[in-house]
Amino acid sequence: MFYSESTIDVRYPDCDAMGIVHHAIYPYWYEIARMDFFAACGYPYSYTHAYGVDPAMVSLELKYKAPVRYPGSVTVRTTPTACAPKKLGLHYAVYFGENPDPVAEADSFHIWTGPDMKSYDLQQNLPEVYAAIHKAWETCQEA
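Nothing here was measured: the structure is a model prediction, and the numbers come from that model. (Residues numbered from 1 in each chain as written. Predicted model: local features only at pLDDT ≥ 70, side-chain atom pairs only at ≥ 80, totals over all residues. Heavy atoms only, no water.)

**A few points about the overall build of the protein chain**
The criterion, for reference: Each helix corresponds to a stretch of at least 4 residues labelled H or I by DSSP, and each strand to a stretch of at least 2 residues labelled E; elements are numbered beginning at the N terminus. Only the C-alpha atoms count toward the radius of gyration. The rule for a globule is 2.2 Å times the residue count to the power 0.38. Each residue is placed in one exposure class: buried if its accessible area under a 1.4 Å probe, protein chains only, is under 20% of its type's maximum, exposed if it is over 50%, and partly exposed if it falls in between. Contacts: residue pairs with any heavy atoms within 4.5 Å of one another. All accessible areas in this document rest on Shrake-Rupley with a 1.4 Å probe, and a residue is counted as covered only by the protein chains that are shown. In this charge count, Lys and Arg are treated as positive and Asp and Glu as negative; neither His nor the chain ends contribute. For charged residues, the charge sits on one atom: NZ in Lys, CZ in Arg, CG in Asp, CD in Glu.
Of regular secondary structure, the protein chain possesses 4 helices and 5 strands. If you list the helices and strands of the protein chain from N to C, you get β-α-α-β-β-β-β-α-α. What you see for the protein chain is a C-alpha radius of gyration of 16 Å, in line with the 15 Å of a compact globule of 143 residues. Counting all 143 residues of the protein chain, 43% fall into the buried class. When contacts within the protein chain are restricted to residue pairs at least 6 apart in sequence, those whose partners lie at least 24 apart make up 68%. Counting every atom, the protein chain has about 7,700 Å² of accessible surface; 54% of that belongs to carbon and sulfur. With 10 positive and 17 negative side-chain charges, the protein chain shows a separation of 4 Å between the mean positions of the two kinds.

**Re the pairing of strand β5 (residues 104-113)**
Short version of the rule: Paired strands, in this sense, are two strands between which DSSP finds at least two bridges.
Among the 10 residues of β5, 7 are classified as buried, and the element is accordingly described as predominantly covered. With 10 bridges joining them, strand β2 (residues 54-64) and β5 adopt antiparallel strand pairing. Following the sheet pairing, D54 is matched in β5 by T113. By the bridge criterion, 8 bridges tie strand β4 (residues 87-96) to β5 in an arrangement that is antiparallel. By the bridge assignment for β5, V94 is matched with A104.

**Section: the sheet that holds β2**
Working definition: the strands of a sheet are paired by backbone hydrogen bonds and lie parallel or antiparallel to each other. The test is simple: Think of each axis as a best-fit line through the C-alpha atoms, taken over the contacting stretch in the case of a helix, with angles from 0 to 180 degrees between the N-to-C directions.
Taken in spatial order, the 5 strands of this open sheet run β1-β3-β4-β5-β2, and their pairing is antiparallel. A single partner strand is all that each edge strand has here, and the edge strands are β1 (4-9) and β2. Looking at each pair of strands side by side, their axes are set apart by 25° on average, direction ignored. Helix α1 (residues 26-40) rests against β1, β2, β3 (73-84), β4 and β5 of the sheet, and its axis sits at about 140° to β1. Its contacts with the sheet place helix α4 (residues 127-142) against β3, β4 and β5, and it is angled at close to 105° to β3.

**Structural notes on the pattern of salt bridges**
The following threshold applies: The salt bridge criterion pairs a side-chain nitrogen of Lys or Arg with a carboxyl oxygen of Asp or Glu, the two atoms within 4 Å.
Under the defined criterion, the tally for this structure stands at 5 salt bridges. In this structure, R11 engages D14 in a salt bridge whose closest nitrogen and oxygen atoms are separated by 3.0 Å. R11 sits in the partly exposed class, given a relative accessible area of 48%. Residue R34 is joined to E31 by a salt bridge in which the shortest nitrogen-to-oxygen separation is 2.1 Å. Residue R34 and its partner E31 are both found in helix α1; the two are separated by 3 residues, about one turn of the helix. On the accessibility criterion, R34 (3% relative accessible area) is buried.

**Considerations on the packing of aromatic side chains**
Working definition: an aromatic ring pair is given by the centre-to-centre distance plus the angle between the planes. Note the threshold: Here a pair means two rings of Phe, Tyr or Trp (six-membered ring of Trp) with centres within 6.5 Å. Their orientation is stacked below 30 degrees between planes, edge-to-face above 60, and tilted elsewhere. Counted as over-ring charges are cases with an Arg CZ or a Lys NZ within 6 Å of the ring centre that also lie within 35 degrees of the ring normal.
Summed over all chains, the structure comprises 9 aromatic pairs. Between Y47 and Y51 the ring centres are 5.4 Å apart and the planes differ by 55°, which places this aromatic pair in the tilted class. For Y47, a relative accessible area of 28% translates into the label partly exposed. Sitting over the ring of Y3, R77 keeps its end group 4.3 Å from the ring centre.

Below, the structure written as structure tokens:
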């Protein structure tokens, strides 16, 4: 199964008075993990962005299962859940410390947009990028 992993330090300013990471910080972690996912596929986000192509987020569904506390670091594991020429779905699982179970999970859905900010066919316009992401998705389907 294909996945990328991102290790992110828990920052003190991201926590409330109890030392628990505020729920609004998790989407930042997912953004970091998404950029690492593209790099793991062989095409960093900067590659598509240079062509004016971006994965515009349409939805983000979050689930919090256990608190993350300062200090420490989290590992965000990212796997593709949908891949088509004009769309991409990703799943994120957040692990904290030695806990083998995710403390949070999320799913994001994206539409590829071009320089004009309209729907963009990645397979037609950047076939090498689409092939790399699609291969990662296929690997997850086989597992």
